[in-house]
Every structure is written in C-alpha cells, then in structure tokens.
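The lines below spell out each chain.
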Amino acid sequence: MTPLRIALYQGPSGVPASTADSLASLDAAARRAAAAGARLLLANELFLTGYALGAAVRDLAEPADGPGARAVARIAAAHGLAIGYGYPERADADVIFNALQLIGPYGTSLANYRKTHLFGDFETTYFRPGTDPVVQADLDGVRLGLLICYDVEFPEPVRAHALAGTELLLAPTALMRPYEIVPQTIIPARAWESQLYIAYANRCGTEGDFTFAGLSCLAAPDGTVRARAGLGEDLIVADVDPALLKASRAENTYLSDRRPELYTSLT
C-alpha cells in the first residue's frame, strides 16, 4: 500500500484581485506540490473568488463546468496531480452553492460537493445548502471524501464518511479567528474518533471583516498532526499512509463497536 502524498495550499493571503490571480497562485502552488511529489493539491474554501464576497457572489458564481473549472483542469493536467478547490457554483439563475470540486490529474472532474452546513449571515443569505452528505472519489487507490469547513465541525458528517469507507477527508475551509480550537483540537479529534485522515486547508490574511486563522493541517487517525501551516501563506506536504490507517482501525475499534440501535433519537 503506497502512501498518497498530498499538499495543502494556505493562500494567497487577503482578497484576490481576480479569479485570474487566484488561478495564477494555484498554478504556482501546483508546480511546487508536484515538485515535492504530491499527487493531490487541496486549496481552500471559495478559493477561486475569495470569501468576503457579499452580493458580488451573484456575479462571480459559475457552473461546475465553467471557465474556472476548465482552467483548474488545465493546471491539474499540466502538473499531473489532482486538485480540490472551493468556488461558488451556480446551479441556475437563482441558486448558488458553496462548492468543492475535485479535478483529477488528467483534467477530468472526479467529484463535486455542495456545502451542507452553512455558517453565518453571508452564507445563509447567498447560498443554498447542499443535500448530499457523502460525496466520494478514488485517487491512487485511496477513497477520498469531500466536506467544507463548518461541515467538519459536526461529528455526524465525518462519521457518515467513515462508515461509507472514506479514508482521506478533504475539508477546505475559511475559518476565522478566534476559532483556532477547530484546527488545533477538533480536527485531530475528528480524525481519531472516526478513524480517517483529514486534510484541512484554511484561508489566511484579512478579507473585509474576516481575519482567517490559518493553521491548515493534515490530521491522522492516530490523533497526530502530520503537517501544520502557520498563520500566513504556506504550502505544506505530507503523506496519507493506508497501512497506518489499517493498523489504526484494527487497534481503535470505535467504528465496529458502535451500537446504532441506541442512537435513533439522534435523527
């Protein structure tokens, strides 16, 4: 079982001047990630446009197969690695989702996920919540799952992914200060309690009223953090090891020891 090397891009810092600037930053990050041997690059929530959009999100949203997706596909194919990136997805004239798309190393879309748990006035005003809680894809023999930011702060979506076979959970985010407890404590705990890897790629810098916390990380199923970014723009690289995951699940039997018949009140 060969480890899957992934890179998490925490950047660029501050409000992107344009989608073109975001794509240029992504291309540079993909070049660095590929040079480090990564097969997957994860960028943050609403990466293409920036997060603090307000009503401008209506003009910046695009379809899942729009020009931004085509540009990311060219970058992925040029550098030979998969890319996960956040963007505002226009489903029709009046419906916009906060979305995460995963493009494969040959430039084809592998999965598209719509955020199910919206956070704050901006998101609840301009986005519609997604309804599909478990979206997955496979890369180099590793089962990937997709969530976005606030989703991963709830134990239920993460556990649902674990029960569906997700081995590496991708979670691009736009976590603000002072909620550093999420990458520092909650993300490693989620990885431990649901026995999977979690790649948590945050924004950094300040956009409007939001100051982002940085601290992107890869958390492992043994509760350790295999790589951690600082507060500013950063690219971190680490390995997802299927052998470690298998051994950890054999030793920590949370998933097999569950008694779901006792939890019916949760739904």
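A brief report on the enclosed structure follows. (Residues numbered from 1 in each chain as written. Predicted model: local features only at pLDDT ≥ 70, side-chain atom pairs only at ≥ 80, totals over all residues. Heavy atoms only, no water.)

A sheet is described by the order of its strands in space; here six strands give the open sequence S6-S7-S8-S9-S12-S13, paired in mixed fashion. Because the sheet does not close on itself, it has two edges, and the strands there are strand S6 (135-139) and strand S13 (225-228). When strand polarity is set aside, the average angle formed by the axes of neighbouring strands in this sheet is 20°. Bridge analysis of strand S12 (residues 217-219) against S13 gives three bridges, and the strand direction is antiparallel. Considered in S13, the bridge of alanine 219 is made with valine 225. (Pairing = 2+ DSSP bridges. Helix = DSSP H or I, 4+ residues; strand = E, 2+ residues; numbered from the N terminus. Axes fitted to C-alpha atoms, helices over the stretch in contact; angles between N-to-C directions.)

Right, let's get into the environment of glycine 86. Mapping glycine 86 onto the fold places it in strand S3 (residues 82-92). For the pair glycine 86 and glutamine 101, spaced 15 residues apart in the sequence, the C-alpha separation amounts to 6.5 Å. In contact with glycine 86, other than residues within four places in its own chain, are Asn44, Glu45, Leu46, Phe47, Leu48, Ala99 and Leu100. (Contact = heavy atoms within 4.5 Å.)

To continue, consider the packing of aromatic side chains. Any two aromatic rings considered together are summarised by their centre-to-centre distance and by the angle between their planes. On inspection of all chains with the given rule, the structure shows eleven aromatic pairs. Ring geometry for tyrosine 51 versus phenylalanine 122: centroids 5.3 Å apart, planes at 75°, classification edge-to-face. Linking tyrosine 51 in the loop between strand S2 (40-42) and helix H2 (57-60) with phenylalanine 122 in helix H4 (residues 120-126), this pair joins segments that are 71 residues apart in sequence. When sorted by exposure, tyrosine 51 lands in the same class as phenylalanine 122, which is buried. In this structure an aromatic cluster arises from ring pairing among Tyr51, Phe122, Tyr126, Phe127, Phe210 and Phe212. For the cation-ring pair, arginine 203 lies above phenylalanine 212, with the distance from its terminal atom to the ring centre recorded as 5.9 Å. (Phe/Tyr/Trp six-rings, centres within 6.5 Å; stacked < 30°, edge-to-face > 60°. Buried < 20%, exposed > 50% of the residue type's maximum accessible area, 1.4 Å probe, protein only. Lys NZ or Arg CZ within 6 Å of the ring centre and 35° of its normal.)

Attention shifts here to helix H5 (residues 155-163). Buried within H5 we find Pro157, Val158, His161 and Ala162. For H5, the buried positions fall inside an angular range of 140° around the axis, keeping them on one side. Looking at the packing, one finds that the buried side of H5 touches S6, strand S7 (142-146), strand S8 (168-172), helix H6 (181-194), strand S9 (197-201) and helix H8 (254-257). Once H5 finishes, glycine 165 follows within two positions and takes phi at roughly 100°, a positive value. (Arc of directions from axis to C-beta.)

Where H5 contacts H6, the two axes come as close as 10 Å, and the packing angle between them is 40°. Classed by the angle they form, the pair H5 and H6 counts as oblique. The element H5 and its partner H6 pack so that their crossing is right-handed. Side by side, H5 and H6 meet where Pro155, Val158, Arg159 and Ala162 of the first sit next to Arg190, Glu193 and Ser194 of the second. Taken together, the residues of the contact of H5 with H6 sort by class into three nonpolar, one polar and three charged. (Parallel < 35°, antiparallel > 145°, perpendicular 65-115°, else oblique. Left-handed = near helix turned anticlockwise from the far one by under 90°. Nonpolar A, V, L, I, M, F, W, Y, C, P; charged D, E, K, R; others polar.)

Now for the nonpolar core. The biggest cluster of nonpolar side chains holds 48 residues, and the ones touching the most others in it are Ile6, Leu40, Leu144, Leu168 and Ile198. In terms of residue count, S9 provides more of this core than any other element does, five residues in total. Setting aside its immediate chain neighbours within four residues, isoleucine 6 contacts Ala38, Leu40, Leu168, Ala199, Leu218, Ile236, Val237, Ala238 and Val240. One finds Ala71, Ile75, Tyr85 and Ile103 within the second-largest nonpolar core, a separate group that totals 25 residues. (Core = buried A, V, L, I, M, F, W, Y, C linked by side-chain atoms within 4.5 Å.)

Along the chain, arginine 190 falls in helix H6. A distance of 3.0 Å separates a polar atom in the side chain of arginine 190 from the backbone oxygen of glutamate 153. Apart from residues no more than four positions distant in its own chain, arginine 190 is found in contact with Val152, Glu153, Phe154, Pro155, Val158, Gln195, Leu196 and Ile198. (Polar contact = N/O pair within 3.5 Å; in protein donor to acceptor, adjacent residues only side chain to side chain.)

Moving on, we come to unusual backbone geometry. Geometrically, the link from glycine 11 to proline 12 is a cis peptide bond, its omega value of -5° lying close to zero. Relative to the helices and strands, proline 12 resides in the loop between strand S1 (4-10) and helix H1 (19-35). That bond from arginine 177 to proline 178 is cis: its omega, 10°, falls within 30 degrees of zero. Take proline 178: it is sitting in the loop between S8 and H6.

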